[in-house]
Amino acid sequence: MSDTGPAKSLPCTCFATSQDGGADRFEAWRASISVLFDTAPLTHDTLETFQASVHATHLGQLLLGDLRFGAQRFARGSARAARDGLDHYLVQWYRQGGFIGQYGDSGSLRVCDGDVVFFDMARTQHTVAQDSHVLSLIVPRALGDAAFAGAANPHGTVLRADSVFGGLLADYLGALHQRVEHFGAGGLSEQLQLSH
């Protein structure tokens, strides 16, 4: 068996707020997350202790993110969704924390500890989140539509932590996150090709 050398690691993107003042920390976070959301602090008081971090790993066409953030508002309005043209689904497992919010024209939702929520990034959403720890998976629309196999668009769908499918999907995301550091870029590419 030949030694091919160490596996090439997957590309990652990391962000963490600095020890600067709360307003500066939030502005750094706002700039970091602006590729996906418009954000705003809940109150001036929440700025004083605000912290956030992201560790995102590129898995071929997928992006897996481990996020921790303080309480804030997230928004994707119709103008924003049309402007940035993100043609992806966002799957989020709230390991801790949660939010209340609206999606689409009239839907409302509440997400709690352990729940999994689906968003269509081409549609609108407005949420008010508490301090949270989230695993996020960003999936291109073509892959998502194939996985949903003709089911209705999942935008705003919440799978509760105590439901069978919610538990299964949370377990999957947790296992993926736990093992991602052991994936090599070359090995992952081969596995993705074999799965087609």
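Before reading on, note that the structure itself is shown above.
Residues numbered from 1 in each chain as written. Predicted model: local features only at pLDDT ≥ 70, side-chain atom pairs only at ≥ 80, totals over all residues. Heavy atoms only, no water.

**Digging into unusual backbone geometry**
Thinking step 1. Not every positive phi belongs to a glycine, and A149 is a case in point at roughly 50°.
Thinking step 2. Secondary-structure assignment places A149 in the loop between α4 (141-148) and β12 (158-159). (Helix = DSSP H or I, 4+ residues; strand = E, 2+ residues; numbered from the N terminus.)

**Things to note about the pattern of salt bridges**
Thinking step 1. Summed over the entire model, instances satisfying the criterion amount to 8 salt bridges.
Thinking step 2. D84 is the salt-bridge partner of R76, the closest N and O atoms lying 2.8 Å from each other.
Thinking step 3. On the accessibility criterion, D84 (27% relative accessible area) is partly exposed.
Thinking step 4. Close ionic contact of D84 with R80 constitutes a salt bridge, the shortest N to O distance being 2.8 Å. One end of the pair, D84, and the other, R80, are both in helix α3 (residues 78-84), 4 residues apart, so they sit about a helical turn from each other.
Thinking step 5. The exposure class of R80 is buried, given its relative accessible area of 6%.
Thinking step 6. Salt bridges sharing partners connect three or more residues here, namely D38, R76, R80 and D84. (Salt bridge = Lys/Arg side-chain N within 4 Å of Asp/Glu carboxyl O. Buried < 20%, exposed > 50% of the residue type's maximum accessible area, 1.4 Å probe, protein only.)

**As for the sheet that holds strand β8 (residues 107-111)**
Thinking step 1. Spatially, 5 strands are ordered β2-β5-β10-β7-β8 in an open sheet, and the strand pairing comes out antiparallel. The sheet is open, and its two borders are formed by β2 (38-40) and β8, each paired with just one other strand. In this sheet, neighbouring strand axes are inclined to one another by 15° on average, regardless of whether the strands run parallel or antiparallel.
Thinking step 2. Bridge count for strand β7 (residues 99-103) against β8 is 5 bridges, and the pairing is antiparallel. Bridge pairing in β8 places Y103 opposite G107. (Pairing = 2+ DSSP bridges. Axes fitted to C-alpha atoms, helices over the stretch in contact; angles between N-to-C directions.)

**Re the environment of L159**
Thinking step 1. Residue placement: L159 occurs in strand β12.
Thinking step 2. Separated by 42 residues in the primary sequence, L159 and V117 have C-alpha atoms spaced 6.2 Å apart.

**Considering helix α1 (residues 22-33)**
Thinking step 1. Here α1 spans 16 Å end to end across 12 residues, near enough to the 16 Å set by a 1.5 Å rise per residue.
Thinking step 2. Every buried residue of α1 is listed here: G22, R25, F26, W29 and I33. Burial along α1 is one-sided: seen end-on, the buried residues are contained in an arc of 95°.
Thinking step 3. In this fold, the buried residues of α1 make contact with β1 (12-16), β2, α2 (44-48), β3 (52-59), β4 (62-69) and β5 (72-76). (Expected span 1.5 Å × (residues − 1). Arc of directions from axis to C-beta. Contact = heavy atoms within 4.5 Å.)

**Comments concerning the environment of S53**
Thinking step 1. Take S53: it is sitting in strand β3.
Thinking step 2. On the accessibility criterion, S53 (23% relative accessible area) is partly exposed.
Thinking step 3. Sequence spacing of S53 and G70 is 17 residues, and the spatial spacing of their C-alpha atoms is 9.6 Å.

**Notes on the sheet that holds β12**
Thinking step 1. With antiparallel pairing, the 7 strands of this open sheet are ordered in space as β1-β3-β4-β11-β6-β9-β12. This sheet does not close on itself; its edge strands, each paired only once, are β1 and β12.
Thinking step 2. As defined by bridge partners, β3 adjoins β4 across 8 bridges and the pair is classed as antiparallel. Across the sheet, residue H55 finds its bridge partner in β4, namely D66.
Thinking step 3. Those strands touched by α4 are β4, β6 (88-96), β9 (116-120) and β11 (132-140), and its axis lies near 95° from that of β11.
Thinking step 4. Across the face of the sheet, helix α5 (residues 164-179) comes into contact with β3, β4, β6, β9, β11 and β12 while running at roughly 90° to β6.

Fair warning: the whole summary comes from geometry, so function is off the table for now.
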